[in-house]
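Topology and contacts: notes
Letter by letter, the chains look like this.
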Amino acid sequence: RPFHVEPTNIVSVNDDMQRVTDEASAMNKRIHYYSRLTSPADRALIAPDHVLPAPDEIYVYSPLGTAFKVDSCIDGCGKNSSIVTIFMIWNTMMGTSILSIPWGIKQAGFTSGIILILLMGILTLYCCYRVVKSRKMIPLIDTSNWEFPDVCKYYFGSFGQWSSLLFSMVSLVGAMVVYWVLMSNFLFNTGKFIYNFVHDINVTDIVPGTNGSNKVICPSAASGHPPQNRSVVFSSGNNTDFELFEEWWNKSQTVPFYLIAVLLPLLNLKSPSFFAKFNVLGTVSVVYLVFLVTVKAARLGIHLEYNWFTENDFFVPEFRILFPQLTGVLTLAFFIHNCVITLLQNNRNQENNVRDLSIAYFLVGLTYLYVGVIIFASFPSPPLSKECIEQNFLDNFPSDDIMSFVARIFLLFQMMTVYPLLGYLARVQLLRQFFGNAYPSIFHVLVLNIAIVGAGVAMARFYPNIGGIIRYSGATCGLAFVFVYPSLIYVISLHRAGQLTWPALIIHIFIILLGLANLIAQFLL
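What comes next is a walk through the structure. Please read all numbers here as calculations on a predicted model, not as lab measurements.

1. Here we look at the overall build of the chain
Broken down by element type, the chain carries 15 helices and 4 strands. Looking at the chain as a whole, 54% of its 525 residues qualify as buried. Here the contacts in the chain between residues at least 6 apart in sequence split such that 79% fall between residues at least 24 apart. Accessible surface, the chain as shown: approximately 23600 Å² in total, 66% of it carbon and sulfur.

2. Here's the deal with the nonpolar core
Membership of the largest hydrophobic core comes to 123 residues, with the highest contact counts inside it found for Leu-99, Met-183, Phe-393, Leu-394 and Tyr-419. Broken down by element, the residue count for this core peaks at 17 residues, all from helix α5 (residues 148-198). Here Met-183 is in contact with Leu-259, Leu-263, Leu-412, Met-415, Met-416 and Tyr-419, once residues within four sequence places are set aside. Within the second largest apolar cluster, 7 residues are counted, among which are Tyr-195, Phe-242, Phe-245 and Trp-249.

3. Quick notes on the packing of helix α4 (residues 110-134) against helix α9 (residues 324-333)
Running from N to C, α4 and α9 point in directions that differ by 35 degrees, and their axes come no closer than 10 Å. The two elements α4 and α9 meet at a crossing, and its hand is right-handed. In this structure, α4 uses Gly-113, Leu-116, Ile-117 and Met-120 to contact α9, whose residues at the interface are Leu-326, Thr-327, Leu-330 and Thr-331. The residue makeup of the contact of α4 with α9, split by class, is 5 nonpolar, 3 polar and no charged.

4. A short note on the packing of aromatic side chains
Two descriptors summarise a pair of aromatic rings, namely the distance from one centre to the other and the angle between the planes of the rings. Counted according to the given criterion, the structure contains 21 aromatic pairs. Centroid distance Phe-334 to Tyr-361: 5.9 Å. Interplanar angle 10 degrees. Geometry classified as stacked. Here the residue Phe-334 occupies a position in the loop between α9 and α10 (340-345), and Tyr-361 occupies one in helix α11 (residues 353-378), the gap between them amounting to 27 residues. Exposure class is identical for Phe-334 and Tyr-361. Each is buried. Through a chain of ring-to-ring contacts, the aromatic side chains of Trp-146, Tyr-154, Tyr-155, Phe-156 and Tyr-485 assemble into a single cluster. A cation sits over an aromatic face here: Arg-130 above Tyr-490, 3.9 Å from the ring centre. Taking NZ or CZ as reference, Lys-386 lies 4.9 Å from the ring centre of Phe-376, over its face.

5. Details of the pattern of salt bridges
The tally for this structure, following the rule as stated, stands at 4 salt bridges. Two residues, Lys-296 and Asp-401, come together in a salt bridge whose shortest N-O distance is 2.7 Å. Note that Lys-296 is positioned in helix α8 (residues 280-300) and Asp-401 in the loop between α11 and α12 (402-435), a separation of 105 residues in sequence. In this structure, Lys-296 and Asp-401 share a single accessibility class: buried. A salt bridge links Arg-355 to Asp-356; the nearest nitrogen and oxygen atoms lie 3.0 Å apart.

Criteria and thresholds
Residues numbered from 1 in each chain as written. Predicted model: local features only at pLDDT ≥ 70, side-chain atom pairs only at ≥ 80, totals over all residues. Heavy atoms only, no water. Helix = DSSP H or I, 4+ residues; strand = E, 2+ residues; numbered from the N terminus. Buried < 20%, exposed > 50% of the residue type's maximum accessible area, 1.4 Å probe, protein only. Contact = heavy atoms within 4.5 Å. Areas by Shrake-Rupley, 256 points an atom, 1.4 Å probe, with all protein chains shown as cover. Core = buried A, V, L, I, M, F, W, Y, C linked by side-chain atoms within 4.5 Å. Axes fitted to C-alpha atoms, helices over the stretch in contact; angles between N-to-C directions. Left-handed = near helix turned anticlockwise from the far one by under 90°. Nonpolar A, V, L, I, M, F, W, Y, C, P; charged D, E, K, R; others polar. Phe/Tyr/Trp six-rings, centres within 6.5 Å; stacked < 30°, edge-to-face > 60°. Lys NZ or Arg CZ within 6 Å of the ring centre and 35° of its normal. Salt bridge = Lys/Arg side-chain N within 4 Å of Asp/Glu carboxyl O.

Spelled out as C-alpha cells, the structure:
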C-alpha cells in the first residue's frame, strides 16, 4: 500500500535529521582534533568514551589534561556553559607564576607593580582576542579543527610551523624546569619538617627572621651560604644523626637527584592519562594559597611606607628600573594563547567568547593582584626589609610553619601529577614532528626525557631561581605567541582584505616592539 506522510511530518523529520547530522559533524570534528594530538596506538589524548555525551551528562576533555563534567544536558549538548568555560580558562592560566608575583612586585616597586599587572593583563588579553579571531579571518577554508600553530603555518609556511613548535617547546620545557626546582624545594622542606617532628628536634635557623608564632624569615640575608638547611642547635636528638641527615637531605645537592627515581619512569609511560584525574588539585592548591595569604596577612598586619624614588633599609621605591623582571613573569602568568582556541570552541554560546575570555582574564588578574599585593603589604618591615621577599614567597616561611607545610604538600603532589602530562605533551609535539610517532621507541623517548630531566636537575642544582626561569621563558615564548604572531597575522589579514589602516599598523608594530623590548630587558637587568 502507498504510505502517506503529511507535509508537516516531513518537515519535522527533516529537521530532526539535520540536527542529528550537525551533532555528528561537530562530534567528528572534536574527535579529529583529539586524534591529531597523538599517535594512533596511543589513546591518552584520543577522545575517550566519555567525550560522547550521554543524554544526562556532559564531559569536556581538554588536551591540557583538564577534565570537567556537567551534570545537565540541555540545548547545545556536549558544549560548556559560560561559567564552565570561564573556570577552565582560569584553571589553565593559574600556575606556578603566582608564587613569584610578590617578588615581581618587589622588583618593580609597589605602585608600578600594580600598574604593570593591570596593563599586562589588558595587553595580553587584547593579543588573545587577536588569536581567537585569527582563525576566522581565513577565507574559503574549514578551520574548525585548527589551533593557533596551524594558523601560523598557514600564514608563514614551514617557518611558522617550526618556529611555533620551538616556542611551544620553550614554554613546556621552561614549565617543567620550574616544576623540578619547586618540587625539590617542597620535598626538601617537607622532609625536613617530618624529620624534625618525628625526632622531636627544635631547630634554630641561622637566617634572620621575626619572633613569635607567625615567624617570617629572610633566606637571602644569608647570601654567603648555599641554599641548604642553614640551621643550627637542637634541644633533643642525636647530633651525629642530625648532621648526617643534613648532609644527605640537601636542597640543591641531593634532593633534586632523588626526584629522578620517581619521575623519570613516569615520563616514559606511553599514556599518562591517569594523572589527568588529579587536575583538580591545581584548583585546590590555588584556593588554599589564597586562604594562606589571607590568614598570614590578618596576623602580620600591613607594613607599607611610600618612597617614590628613594630606597631605605626596610622599604623599596614605588618605581624601580627592574620592572621588566615583573613583565617577564607576567607574560607567562597570562599565557594561554597557544590553546585558547580549543578552550573556547567548546563554549555553548560562541557569541559570548569575548565576554567569557574577558571575565576569565579579569579573575586571573584579580587573583594575581590579591596574592601579590597582600604578601608584599603584610611582609613585616621593619624588622625585615622588603628586599627579603623571595622568588617563591613560601620560602619566607620556615619549614616548621604548619600552614606552609600543608601548602607545600598540596603543591608537591599536584606538580608530581602534572609533570608527566607536560612531559607527554613535549614528547608528542617534538617526536611527532621528527619521527611521525609520539613513541617511536623506548630509546628515543628515554633520550628526550633524560635531556628534560637533566635540565631540571641542573637548574635546581646551580640556578634554583624560579623567578628568573619564569621571566626568561615567559618573555621568550611570549614574544612569538603573545606579541609577534597575533599582531602580524592580524595586519596581514587586514592587508589582504584591503582594510589595513595606518593607526592599526602603527599600534600592532608598537605591540611587537614591546614584546621584543620585554625579551631584551630580561638579559640586561
